[in-house]
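Each chain, letter by letter, is given below.
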Amino acid sequence: MRKALVTGITGQDGSYLTELLLKKGYEVWGIIRRSSSFHTGRIDHLYKDPHEKPRLRLIYGDLTDGGNLSSIVSEIQPDEIYNLAAQSHVKVSFQMPIYTVNTDALGTLRLLEALRSMKRPAKFYQASSSEMYGKVVEIPQTEKTPFYPRSPYAAAKAYSFWQTVNYREAYGIFASNGILFNHESPRRGETFVTRKITRAATRIKLGLQEKLFLGNLDARRDWGYAGDYVEAIWLVLQHDKSDDFVIATNESHSVREFLDEVFGYLELDWKKYVEVDEKYFRPTEVDFLQGDAGKAEKLLGWKSKVTFKELARMMTDADMKIAENEKILADHGR
Ligand code: NAP
Ligand code: G4F
């Protein structure tokens, strides 16, 4: 039975990837941070039969603690390591640059060092990001497009990208980067723009909220579905050699277009409800992202499946269920 170690298992991608790995018969070890309250909501459904020997195990750890990462790697001796953990919010990275770099840049290096001391080093996946292209120098962006990071988050991810390449070249470790463009789902964190919109629109529809405050509506992103993208993550480590791959839908849409899709689906006019609040602007913005996933298509046989419209509707339907439950509680004065 193959053993996978997943950092960031409690996050959006960690939960979908773990589902996939368990389906494929892996034993999965997930690193979780100690917290004063439970935060395993995205993976709780994966513990099904209490009598079965669990193939999913959680272990406390943190990317800021190198000693702890070394002990975990040496105890578990995984075959594959998926490094998904990060302070992943771009705007927050301007408020917490040092913490973001400690986790998203040095955290990767700590993990690579832990892996390097294994007798048989595990294969390593690094969650790289389209944010590294920042102020883009060409459209669409491929594996060959130079990076121009525009936030502490993006600069930290670029550092981790190059460390991953360097461990591959210097030590012959199977270390690969997936350069993933934005991907969303009903499990997306509620402060990212797509989920913020689907949560608010469904609440507005049911009379639970009046306004939605947003930042830059002109920003364009290449938005795909997280469920599709974790298949690509797995395929990156199954390829015959380690390499770097862009994972994207090859389409770009604006925040306005996402508003059109979601509010239109709910038969609402978003212009009546949305207000721009400068507090959501970033000191430096990434205006336009559009990937070219041609290499992944050719070498991994991967292609994005869920369309922009399907994604917007899937997220809206899921958030409508949450809003309906909120409405029942509100109607009963709770
Ligand atoms: P997410 O939902 O924000 O999840 C982040 C995960 O990292 C959570 O499990 C979080 O744990 C964990 N984490 C944060 N700081 C940590 C630390 N110091 N030590 C250990 N764990 C820590 O992110 P996501 O959307 O699933 O993204 C997964 C990865 O892909 C991230 O590295 C992100 O930067 C990258 N990425 C995402 C996208 C996207 O569009 N989603 C695109 C490109 C790249 P808690 O639950 O305890 O907070
Ligand atoms: O949803 P966002 O916060 O995602 P962003 O900044 O593109 O980052 C996400 O995708 C990256 C991949 O490119 C990941 F690496 C990263 O971890 C994260 O998952 O913002 C998208 C766009 C931005 O241009 C932002 O300025 O939406 C704009 N926006 C407009 N109003 C807003 C808002 N973003 C947020 N979060 N909140 C707003 O109110």
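Caption draft 1: Examining the overall build of the chain more closely. Scanning the chain from terminus to terminus reveals ten helices and 13 strands. Taking 2.2 N^0.38 as the reference for a compact globule, 334 residues should give roughly 20 Å; the C-alpha atoms of the chain span a radius of gyration of 20 Å, in line with that estimate. Taken along its principal axes, the extent of the C-alpha atoms in the chain is 60 × 55 × 40 Å. Split into buried and exposed, the 334 residues of the chain put 53% on the buried side. Within the chain, contacts between residues at least 6 apart in sequence are counted, and of these 80% link residues at least 24 apart. Here the chain displays about 15,400 Å² of accessible surface, and carbon together with sulfur accounts for 51% of that area. Of note, the chain has its 47 positive side-chain charges centred 3 Å away from the centre of its 46 negative side-chain charges.

Caption draft 2: Looking closely at the packing of helix 1 (residues 12–23) against helix 7 (residues 226–238). Two elements in contact, helix 1 and helix 7, have axes separated by 9 Å at closest approach and are oriented at 65 degrees. Crossing angle aside, the handedness with which helix 1 passes helix 7 is right-handed. Contacts between helix 1 and helix 7 involve Q12, D13, Y16, L17, L20 and L21 on the former and, on the latter, A226, G227, V230, E231, I233 and W234. Tallied by class, the residues present in the contact of helix 1 with helix 7 amount to eight nonpolar, two polar and two charged.

Caption draft 3: Broad picture of the domain arrangement of the chain. By the assigned domains, the chain splits into domain 1 (3–184 + 225–247) and domain 2 (193–220 + 252–288 + 306–332). Between domain 1 and domain 2, the residue contacts involve 13 residues of the former and 14 residues of the latter. For the pairing of domain 1 and domain 2, the buried interface totals around 1,200 Å² over both sides, and the portion due to carbon and sulfur atoms is 60%. The tally of links between domain 1 and domain 2 comes to zero salt bridges. In this assembly, domain 1 and domain 2 are joined by five residue pairs in polar contact (both at pLDDT 80 or more). Among the residues forming the side of domain 1 that touches domain 2, the class breakdown is five nonpolar, three polar and five charged.

Reading the values: the criteria
- Residues numbered from 1 in each chain as written.
- Chains lettered and ligands numbered in written order.
- Predicted model: local features only at pLDDT ≥ 70, side-chain atom pairs only at ≥ 80, totals over all residues.
- Heavy atoms only, no water.
- Helix = DSSP H or I, 4+ residues; strand = E, 2+ residues; numbered from the N terminus.
- Rg over C-alpha atoms; globule rule 2.2 N^0.38 Å.
- Buried < 20%, exposed > 50% of the residue type's maximum accessible area, 1.4 Å probe, protein only.
- Contact = heavy atoms within 4.5 Å.
- Areas by Shrake-Rupley, 256 points an atom, 1.4 Å probe, with all protein chains shown as cover.
- Lys, Arg positive; Asp, Glu negative; His and termini not counted.
- Charge placed at Lys NZ, Arg CZ, Asp CG, Glu CD.
- Axes fitted to C-alpha atoms, helices over the stretch in contact; angles between N-to-C directions.
- Left-handed = near helix turned anticlockwise from the far one by under 90°.
- Nonpolar A, V, L, I, M, F, W, Y, C, P; charged D, E, K, R; others polar.
- Domains from an automatic or database assignment.
- Buried area = accessible area lost by both parts, 1.4 Å probe.
- Salt bridge = Lys/Arg side-chain N within 4 Å of Asp/Glu carboxyl O.
- Polar contact = N/O pair within 3.5 Å; in protein donor to acceptor, adjacent residues only side chain to side chain.

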